[in-house]
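# Coordinate analysis (summary)
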Amino acid sequence: METRSIESGVDETHRVATQKAMTRLIPLLCAIYFMSYIDRTNVSLAKAHLAADLGISAAAYGLGAGIFFLGYALLEVPSNLLAHRIGPRPWIARIAVTWGALSVAMMFVQGEASFYLLRVLLGIAEAGLFPALMYMVTLWFAPKDRPVVVGWIYTAPALGLLLGNPLGGALMQLDGLAGLRGWQWMFMLEGLPTIAVGILLYFKLAERPSDAKWLSREEAQALESRAVIDQAGHANLSSQDWMAAIKRPSTVLTGLIYFLNQVAFVGLVFFTPAMIQQMKVESPFLVGVMSSSVGLGFLLGVLTLPRIHRRVKSDFVFLGALTAGLLLSACAFLATERPAVQIALFVATAFFGGGILPSYWAIAMKRLQGIQAAAGLAFINTIGLLGGFVGPYLFGMVETATGRSSAGFSVILGAAALGLLLVPALAKASRSERQAPELADPVIKPVS
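I will try to describe carefully the structure that is included in this document. (Residues numbered from 1 in each chain as written. Predicted model: local features only at pLDDT ≥ 70, side-chain atom pairs only at ≥ 80, totals over all residues. Heavy atoms only, no water.)

A tally of regular secondary structure across the protein gives 18 helices and zero strands. Within the protein, the proportion of its 448 residues that are buried is 58%. For the protein, contacts bridging at least 24 residues in sequence account for 84% of all contacts bridging at least 6. As displayed, the protein has an accessible area near 17600 Å², and 65% of this comes from carbon and sulfur atoms. (Helix = DSSP H or I, 4+ residues; strand = E, 2+ residues; numbered from the N terminus. Buried < 20%, exposed > 50% of the residue type's maximum accessible area, 1.4 Å probe, protein only. Contact = heavy atoms within 4.5 Å. Areas by Shrake-Rupley, 256 points an atom, 1.4 Å probe, with all protein chains shown as cover.)

Printed below as a string of structure tokens:
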């Protein structure tokens, strides 16, 4: 009876501490991720204007939009290893300030060469941001809480699409003011706040529970001890050999499925305004408002699906069901040409394609801890970022070949079908790793 009382007290301490951590950390993490999504995707609203003002073609735009992710991917693992060594707080702040400055510099694009250069530099500057955020989640939250925490973090890019497109469309209407084009105003006025948010994070973000002045010693200990324990009550793998995380079949397969998701979802994000414009919508503000349908679907997905995931016994059945939903949405879009139905299908596609993202990371984080989390999560994100490069490029190629931006949904269809085929392989690899003696979880003492 006494033991149960002690356990009940520890559980209550952990519950209160988790709620405090969510309240204090999630708004800060969301703020920086919100700005990053606005700064990386606002170029989609400038597509037609870059073509008219600078002669940048659809194929060149697709390459430039995607090359951001190539630069991002090149430094993803080294960047997150530095975040592990230096600490996520100063590293995330550095990322924000440098990419904010480069976002402002996008207003000086003169043609295809400068467009490509600034996009790849923007990707390099932002490298490591998202896995650093995920690494912080592994330091603060128990695995059972991570799907919901990551779901909350993903509300930031969803709101970035929902609010950022109308905001960018409104800023585009400053065209001609002070001799600047509308897209120049947009890049400048959306880049400067990112620098301010980066500075704020440096002074306000606590790296780990033991650094937080707003937690008691008992609350900090409860968070740090539960953060390294999985749902079965075993400590996660924590070898200093971080290459082991990258070599694990489950890590590679998670990355490949994430790659295919990003081919589909990032391509959709960057080409939705072009699809809207081909519906004979001419007002930049109205294009932005209608494009926010993708953000609405994304937001509904990340608020709904992680909570369902927490109640589903099989991660992989859930993953397969959402991938199948994405495939069916793409099929339905290709089968209709009615604008109202297509807008509804933008919402549905983003619901499945974006809402599935917290589940990828929750599944990955169950198997990675410490420096392996830093390396493994960055490696998964690197593979996914390559999908972010391939997706817009394929969408641009399909539009160039067909003359229709909406034909890019065939790319979504193919990526979803391949992803669905890989889900059973991931389930099998995960079962094999749990049974392999060399991957058995060692005992880790809670952090005191």
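The discussion continues.
Looking now at the packing of aromatic side chains. In the structure shown here, the tally under the stated rule is 17 aromatic pairs. Considering the side-chain rings of Tyr202 and Phe203, the 5.3 Å spacing of their centres and the 90° angle between planes classify their relative orientation as edge-to-face. A relative accessible area of 64% means that Phe203 is categorised as exposed. Ring pairs connect the aromatic residues Tyr33, Phe130, Tyr154, Phe265 and Phe298, which therefore count as one cluster. It is Arg89 that lies over the ring of Tyr202; its NZ or CZ is 4.5 Å from the centre. (Phe/Tyr/Trp six-rings, centres within 6.5 Å; stacked < 30°, edge-to-face > 60°. Lys NZ or Arg CZ within 6 Å of the ring centre and 35° of its normal.)

Turning our attention to unusual backbone geometry. Although it is not a glycine, Ala178 adopts a positive phi angle of roughly 55°. With respect to the helices and strands, Ala178 occurs in the loop between helix H8 (146–172) and helix H9 (182–204). Ala178 sits in the exposed class, given a relative accessible area of 67%. Positive phi values are uncommon outside glycine, yet Lys280 reaches one of about 75°. Structurally, Lys280 can be placed in the loop between helix H12 (249–277) and helix H13 (284–309).

The interhelical angle for the contact between H8 and H9, taken along N-to-C directions, is 130°, at an axis separation of 7 Å. Comparing their axes, H9 and H8 come out oblique. Relative to H9, the crossing made by H8 is right-handed. Contacts from Gly164, Leu167, Gly168, Leu171 and Met172 in H8 reach Gly182, Trp183, Trp185, Met186, Leu189 and Glu190 in H9. In the contact of H8 with H9, the residues fall into seven nonpolar, three polar and one charged. (Axes fitted to C-alpha atoms, helices over the stretch in contact; angles between N-to-C directions. Parallel < 35°, antiparallel > 145°, perpendicular 65-115°, else oblique. Left-handed = near helix turned anticlockwise from the far one by under 90°. Nonpolar A, V, L, I, M, F, W, Y, C, P; charged D, E, K, R; others polar.)

Now for the nonpolar core. One recurring pattern in soluble globular proteins: nonpolar side chains tend to sit buried together. Ranked by internal contacts, the top residues of the largest apolar core, which has 131 residues, are Met134, Trp140, Tyr154, Phe298 and Trp361. Per element, the largest residue contribution to this core is 14 residues, and it comes from H12. (Core = buried A, V, L, I, M, F, W, Y, C linked by side-chain atoms within 4.5 Å.)

An ideal rise of 1.5 Å per residue puts 24 Å on 17 residues; helix H15 (residues 339–355) measures up with 23 Å between its terminal C-alpha atoms. Along H15, the positions that sit buried rather than exposed are Gln342, Leu345, Phe346, Val347, Thr349, Ala350, Gly353, Gly354 and Gly355. (Expected span 1.5 Å × (residues − 1).)

When two helices pack together, their arrangement is given by the angle between the helix axes and the distance between those axes. Viewed as axis vectors pointing N to C, helix H14 (residues 315–334) and H15 meet at an angle of 160°, and their least axial separation amounts to 8 Å. Classified by the angle between their axes, H14 and H15 sit roughly antiparallel to one another. Along this stretch, H14 crosses H15, giving a crossing that reads as left-handed. Along the contact surface, H14 presents Leu322, Gly325, Leu326, Ser329, Ala332 and Phe333, while H15 presents Gln342, Leu345, Phe346, Ala348, Thr349, Phe352 and Gly353. Split into classes, the residues belonging to the contact of H14 with H15 amount to eight nonpolar, five polar and no charged.

Let us now look at the pattern of salt bridges. Side chains that carry opposite charge are capable of pairing whenever their charged atoms lie near each other. Counted according to the given criterion, the structure contains five salt bridges. As a salt-bridge pair, Arg226 and Asp11 come within 2.5 Å of each other at their nearest N and O atoms. Highlighted residues: Arg226 in helix H10 (residues 217–227) and Asp11 in helix H1 (residues 2–41), separated in sequence by 215 residues. Look at Asp11 and you get partly exposed, because its relative accessible area is 41%. For the salt bridge of Arg15 with Glu12, the shortest nitrogen-to-oxygen distance reads 2.7 Å. A residue pair is termed a helical-turn pair when its members lie 3 or 4 positions apart in one helix, as Arg15 and Glu12 do in helix H1 at three residues. Looking at Arg15, the relative accessible area reads 48%, which means it is partly exposed. (Salt bridge = Lys/Arg side-chain N within 4 Å of Asp/Glu carboxyl O.)

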